[in-house]
Amino acid sequence: MSADLGTPTQTTGEPEAPDRTSVPAPREPVAAGGLAAPAAVAHASDRGARIAAVAIALVWHVAIGLPAVLAARSEFAAPAVVVGAWVLVAVVGAVAGLRLLRGSPLPPWPLACFLLVVDAAVFAAAGEGQLFTAANWVWGTLGWFFVLAVWGRRVVGLIALLSTHAVIALVAVLGHGADPTDVARYVMYVYGTFSLPVAVFVGSTAIVALARERAAVSAADHALAAERDAAERGRRDRRDRLALVSSAAGRVLGELADGKADPNDPEVQRRSVLAAARLRRLIAESDDVPDPLLHELRAAADLAERNGLPIDLVTIGNPPPLPVEIRRRLADPLTATLADAHGWARLTVVSGPNEVVVSLVTPDREGPEATGPPLAEHDGGQVEHLYERDGDIRWAQTRWRR
């Protein structure tokens, strides 16, 4: 048989083997933005932590550092350096925070080096009197900008920057002739500089990792549940197909076994052919092929050809994905007519994205119709069934419209 578009040829041999290489591979469930579910959850958690880090850095710099700088500007050793450095860090920090929130952060190490240069300049310009006051804003603020600079990298980088900051501060303290009290205050300030930024940095990383892990576990649970549901649907489908096969062939086989039917009776032969055709099509329903409807029709046409019926199968277009019930309503009436055909048959499938039309033409002959399901069984819903005979030909058609 031929499935070439618009080119009828006589069927020969076994039905075509399904090309399983063309079946699309299952895809991993994805979330919004094209990311896998665990990555999407981790991305959302990380974005929340980034917003918090940017807010802390800028609010601390403005709400705590600026009032203290303005109040003590006349007491600095070099007020222009301290105020100018504050403005410069505010601008650079705002740009860095905005870029971080947009997912395109500034290069970390050039930004970190700039902050360390500002750190040394402010410590030198603050003077001994403002060394341990809020006016020396680099104590409380600069650590948060270090967090923004190395966000998404290993915590070792942040610790290295904070350690360098501590060394710069120690040089400034010792340069002003530190006494034991100043050393104790220095230790307290360094502890505060280290603890909060490192805690936020490590905590956010742990939360993102935990969110990713829990999302992965949840996705695996959903996949397992989906597999269980698919297995249960498959079991129900096999049970339904078994019931249909039993209804198609069981009665004929039972009558033959009980001696109530004569194998030489043409009516019994027609019923047997129809039962075999329905059985073959029902078996083909479970095959994993790119075009299930064409595969099922080929199976029915192949059986008719094995019984000595020359048949042409012509396909135009590719059928869209159709549920089993729709395919069954399209194929079953024509299977019944095909089982009763003599002489020759022509089966045509015309497909589009919103419509599939299957038609069968065979020579008409005297005698009853083939035994099969009532035509009304296939009517209604989205599938229409038409049947005509005029003494010369029999014509049957099923049509599905979206």
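Residues numbered from 1 in each chain as written. Predicted model: local features only at pLDDT ≥ 70, side-chain atom pairs only at ≥ 80, totals over all residues. Heavy atoms only, no water.

S.K.: It is not clear to me how the overall build of the protein should be interpreted in this structure. Could you clarify?
M.R.: Per the secondary structure count, the protein includes 9 helices and 5 strands. Scanning the protein from its N terminus toward the C terminus, one meets helices and strands in the order α-α-α-α-α-α-α-α-β-α-β-β-β-β. When each of the 402 residues of the protein is scored for burial, the buried share is 39%. Long-range pairs, those at least 24 residues apart, make up 73% of the contacts in the protein with a sequence separation of at least 6. When the accessible surface of the protein is summed, it comes to about 20,900 Å², and 62% of that surface belongs to carbon and sulfur atoms. (Helix = DSSP H or I, 4+ residues; strand = E, 2+ residues; numbered from the N terminus. Buried < 20%, exposed > 50% of the residue type's maximum accessible area, 1.4 Å probe, protein only. Contact = heavy atoms within 4.5 Å. Areas by Shrake-Rupley, 256 points an atom, 1.4 Å probe, with all protein chains shown as cover.)

S.K.: Would you explain the side chain of Thr348 in this entry?
M.R.: Relative to the elements of secondary structure, Thr348 occurs in strand β2 (residues 345-351). Once residues lying within four places of it in the same chain are set aside, the contact partners of Thr348 are Val314, Val357, Val358 and Ser359.

S.K.: Hey, could you run me through the packing of aromatic side chains in this one?
M.R.: Think of a pair of aromatic rings as described by two things: how far the centres are apart, and how the planes are tilted against each other in angle. This structure, assessed with the given rule, holds 7 aromatic pairs. Between Phe132 and Trp139, the ring centres sit 6.1 Å apart and the planes meet at 20 degrees, which makes this aromatic pair stacked. You can call Phe132 buried: its relative accessible area is 7%. Accessibility expressed as a relative area gives 5% for Trp139, which makes it buried. Ring-pair connections join several aromatic residues into one group, and the members of that group are Phe123, Phe132, Trp139, Tyr186 and Tyr189. (Phe/Tyr/Trp six-rings, centres within 6.5 Å; stacked < 30°, edge-to-face > 60°.)

S.K.: Help me understand a nonpolar patch on the surface in this model?
M.R.: Among the surface-exposed residues, Val87, Val91 and Val95 lie close enough to one another that they form a single nonpolar patch of about 230 Å² accessible area. Here Val95 is to be found in helix α2 (residues 79-101). Taking the relative accessible area as the measure of exposure, Val95 reaches 41% and is therefore partly exposed. (Patch = residues over 30% accessible without salt bridge, like charges linked within 9 Å, V, L, I, M, F, W, Y side chains within 5 Å. Salt bridge = Lys/Arg side-chain N within 4 Å of Asp/Glu carboxyl O.)

S.K.: I tried to follow α2 on my own but got confused; where do I start?
M.R.: One turn of an α-helix holds 3.6 residues; hence residues three or four places apart share an orientation. Over its 23 residues, α2 runs 33 Å from end to end, which matches the ideal 33 Å to within 8%, given 1.5 Å per residue. For α2, the set of buried residues is Val82, Ala85, Trp86, Val89, Ala90, Gly93, Ala96, Gly97 and Leu100. At the C-terminal side of α2, Gly103 shows a positive phi close to 85 degrees. (Expected span 1.5 Å × (residues − 1).)

S.K.: What am I meant to see in the confidence of the model for the protein here?
M.R.: Low pLDDT means the predicted coordinates in that region are not meant to be read closely. A residue-level look at the protein finds 80% of positions with pLDDT of 70 or above and a mean pLDDT of 80. Least confident of the elements in the protein is helix α7 (residues 266-285), whose mean pLDDT is 67; most confident is α2, at 94. Scored below 50 in pLDDT, residues 1-35 shows 62 contacts in the model against residues more than four places distant or in partner chains. Note on residues 370-378: pLDDT is under 50 here. Beyond four places in sequence and across chains, it has 17 contacts. (pLDDT = per-residue confidence, 0-100.)

S.K.: How do you make sense of the nonpolar core when you look at a structure like this?
M.R.: As a rule of thumb, soluble globular proteins bury nonpolar side chains together. With 51 residues, the main nonpolar core has Phe123, Trp137, Phe146, Leu158 and Tyr186 as its most contacted residues. Elements with a contribution of two residues or more to this core: α1 (37-71), α2, α3 (108-126), α4 (138-149), α5 (155-175) and α6 (180-258). (Core = buried A, V, L, I, M, F, W, Y, C linked by side-chain atoms within 4.5 Å.)

S.K.: Looking at this model, I keep getting lost on α4. Mind explaining?
M.R.: With 12 residues, α4 extends 15 Å from end C-alpha to end C-alpha; this agrees with the ideal 16 Å at 1.5 Å per step. When you tally the buried positions in α4, you get 11 out of 12 residues, the bulk of the element. Taken together, the buried positions of α4 are occupied by Val138, Trp139, Thr141, Leu142, Gly143, Trp144, Phe145, Phe146, Val147, Leu148 and Ala149.

S.K.: Could you clarify how one ought to interpret the UniProt feature "transmembrane region" (unreviewed entry) in the protein in this entry?
M.R.: Residues given the UniProt feature "transmembrane region" (unreviewed entry) here are residues 51-70, 76-101, 108-126, 132-151, 158-177 and 189-211. The distance from the first to the last C-alpha atom of residues 76-101 is 35 Å, and the span holds 88% helix and 0% strand. Helix makes up 90% of residues 158-177 and strand 0%, and the two end C-alpha atoms of the span are 29 Å apart. (UniProt positions renumbered as here; feature names shortened; annotations may be inferred.)

S.K.: Even after reading the chapter, I still don't get the pairing of strand β1 (residues 311-316), so can you show me in this structure?
M.R.: Within a regular beta strand, the side chains point alternately toward one face of the sheet and then the other, so they alternate between its two faces. Across 6 bridges, the pairing between β1 and β2 is parallel. Across the sheet, the residue bridging to Val314 is Thr348, located in β2. For the segment spanning β1, helix α9 (residues 324-339) and β2, crossover handedness is left-handed. (Pairing = 2+ DSSP bridges. Right-handed = clockwise from strand over helix to strand, strands pointing away.)

S.K.: Explain the pattern of salt bridges to me, please; I cannot follow it from the model alone.
M.R.: As a working rule, side chains carrying opposite charge can pair if their charged atoms are close by. Applying the stated rule across the entire model yields 9 salt bridges. Here Glu296 makes a salt bridge to Arg327, at a shortest N to O gap of 2.8 Å. With Glu296 in helix α8 (residues 292-306) and Arg327 in helix α9, this residue pair connects regions lying 31 residues apart in the sequence. The same class applies to Glu296 as to Arg327, namely buried. In this structure, Asp364 and Arg389 form a salt bridge, with 3.0 Å as the shortest nitrogen-oxygen distance. Highlighted residues: Asp364 in the loop between β3 (355-363) and β4 (383-389) and Arg389 in strand β4, separated in sequence by 25 residues. You can call Asp364 buried: its relative accessible area is 14%.

S.K.: Explain the pairing of strand β5 (residues 393-401) to me, please; I cannot follow it from the model alone.
M.R.: With 9 bridges joining them, β3 and β5 adopt antiparallel strand pairing. Within β5, the position partnered with Val356 by the bridge is Trp400. In this antiparallel pair of consecutive strands, β4 and β5, the connection spans 3 residues, and Gly391 shows a positive phi of 95 degrees.

S.K.: In this structure, what is going on with the sheet that holds β1? I would like to understand it.
M.R.: What the 5 strands build is an open sheet, ordered β1-β2-β3-β5-β4; its pairing is mixed. What marks the edges here is a single partner per strand, and that holds for β1 and β4. Within the sheet, the average angular offset between the axes of one strand and its neighbour, ignoring direction, is 10 degrees. Together, β1, β2 and β3 form the strand contacts of α8, whose direction differs from that of β1 by roughly 170 degrees. Its contacts with the sheet place α9 against β1, β2, β3, β4 and β5, and it is angled at close to 175 degrees to β5. (Axes fitted to C-alpha atoms, helices over the stretch in contact; angles between N-to-C directions.)

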